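What follows is the residue order along each chain.
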Amino acid sequence: MKQKKAINIVYLASFAVLLLGVCIFLFFFIVKPFDIKNIDQMETVTLDDYLSKQINSQGTQTQYYVLVYSEESSENGNIEEVLFEYLNYERKNSDAYNLYLLEYDHSRAAEFKELFSIETPEDAPYLFRVYNEKKSTSYKSTADICTQLKSMIKED
């Protein structure tokens, strides 16, 4: 009788541990608590240093992308899903190009207009590539930005 009780307790404890493991797995699979889900989680640059992120931790020259972003733009919702998909890809893949956030600054509106042809915050988002400390390829429409971000995600 005692042996049967002990076996039942072992089975019950094993079932409880298995159930807890499944619950934890489902939590991480569904909720994805470590994924980037908010624009505030992006690494930022300023108007003064957006061209100076050229050297990586190994001391080699690299290219990267900068997203000029304004919370006032009505186009934000059109790129966020693809943006977060790329940011999570970048976080998990060391060979992915870095993507930095440059927030529109009202006090420097003239510089944004001169550098990026952004007349008002509504003209954002604007994505461009930096290579050799110069702004090169740029993407102004949300469709072009989404297409470029998707193209940078390498399928395994």
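Going by the structure above, here's the rest.
What comes next concerns the included structure.

### Let's talk about the pairing of strand 2 (residues 98–103)
Relative to strand 2, strand 1 (residues 64–69) runs parallel, the two being bridged by six bridges. Bridging from a neighbouring strand, Y65 pairs with L99 of strand 2. Following the backbone out of strand 1, through helix 2 (residues 76–92) and into the adjacent parallel strand 2, one traces a crossover that is right-handed.

### Points about the nonpolar core
Ranked by size, the top nonpolar core spans 23 residues in total, and within it L67, L83, Y86, L99, L127 and L149 carry the most contacts. With seven residues, helix 2 is the largest single contributor of residues to this core. Judged by nonpolar contacts, the second largest core, of 15 residues, contains V66, L102, F112 and F116.

### Comments concerning the environment of D105
Note that D105 resides in the loop between strand 2 and helix 3 (109–116). By relative accessible area, which is 30% here, D105 ends up partly exposed. It is 9.6 Å that separates the C-alpha atoms of D105 and Y69, two residues lying 36 residues apart in sequence. Reaching out from D105, the side chain makes a polar contact with the side chain of S107 at a distance of 2.8 Å.

### Some points on the packing of aromatic side chains
Counted according to the given criterion, the structure contains ten aromatic pairs. Centre to centre, the rings of Y65 and Y97 are 5.9 Å apart; their planes meet at 55°, and the pair counts as tilted. Taken together, the residues span a long stretch of sequence, with Y65 in strand 1 and Y97 in the loop between helix 2 and strand 2 at a distance of 32 residues. For the ring pair Y126 and F128, a centre distance of 5.9 Å and an interplane angle of 45° mean the geometry is tilted. Taken together, the ring pairs connect Y50, Y104, F112, F116, Y126 and F128 into an aromatic cluster. Above the plane of the ring of F128 lies K135, whose end atom (NZ or CZ) is 5.8 Å from the centre.

### Observations concerning helix 4 (residues 142–151)
Regarding helix 4, the residues found buried are T142, I145, C146, Q148 and L149. Down the axis of helix 4, the buried set is contained in an arc of 165°. They therefore lie on one face. Buried residues belonging to helix 4 abut strand 1, helix 2, strand 2, strand 3 (126–131) and strand 4 (134–139).

### Comments concerning the side chain of S73
Counting through the fold element by element, S73 comes out in the loop between strand 1 and helix 2. S73 has contacts with P121, E122, A124 and P125, leaving out every residue within four places of it along the chain.

### Notes on the pattern of salt bridges
As enumerated under the stated definition, the model contains three salt bridges in all. Residues R108 and E111 are paired through a salt bridge, measuring 2.8 Å at the closest nitrogen-oxygen approach. Overall, E111 belongs to the partly exposed group, its relative accessible area being 33%. Residues E119 and K113 are paired through a salt bridge, measuring 3.5 Å at the closest nitrogen-oxygen approach. Taken together, the shared-partner salt bridges in this structure form one network comprising D48, R108 and E111.

Thresholds applied
Residues numbered from 1 in each chain as written. Predicted model: local features only at pLDDT ≥ 70, side-chain atom pairs only at ≥ 80, totals over all residues. Heavy atoms only, no water. Pairing = 2+ DSSP bridges. Helix = DSSP H or I, 4+ residues; strand = E, 2+ residues; numbered from the N terminus. Right-handed = clockwise from strand over helix to strand, strands pointing away. Core = buried A, V, L, I, M, F, W, Y, C linked by side-chain atoms within 4.5 Å. Buried < 20%, exposed > 50% of the residue type's maximum accessible area, 1.4 Å probe, protein only. Polar contact = N/O pair within 3.5 Å; in protein donor to acceptor, adjacent residues only side chain to side chain. Phe/Tyr/Trp six-rings, centres within 6.5 Å; stacked < 30°, edge-to-face > 60°. Lys NZ or Arg CZ within 6 Å of the ring centre and 35° of its normal. Arc of directions from axis to C-beta. Contact = heavy atoms within 4.5 Å. Salt bridge = Lys/Arg side-chain N within 4 Å of Asp/Glu carboxyl O.

That is the geometry; function is a separate question.
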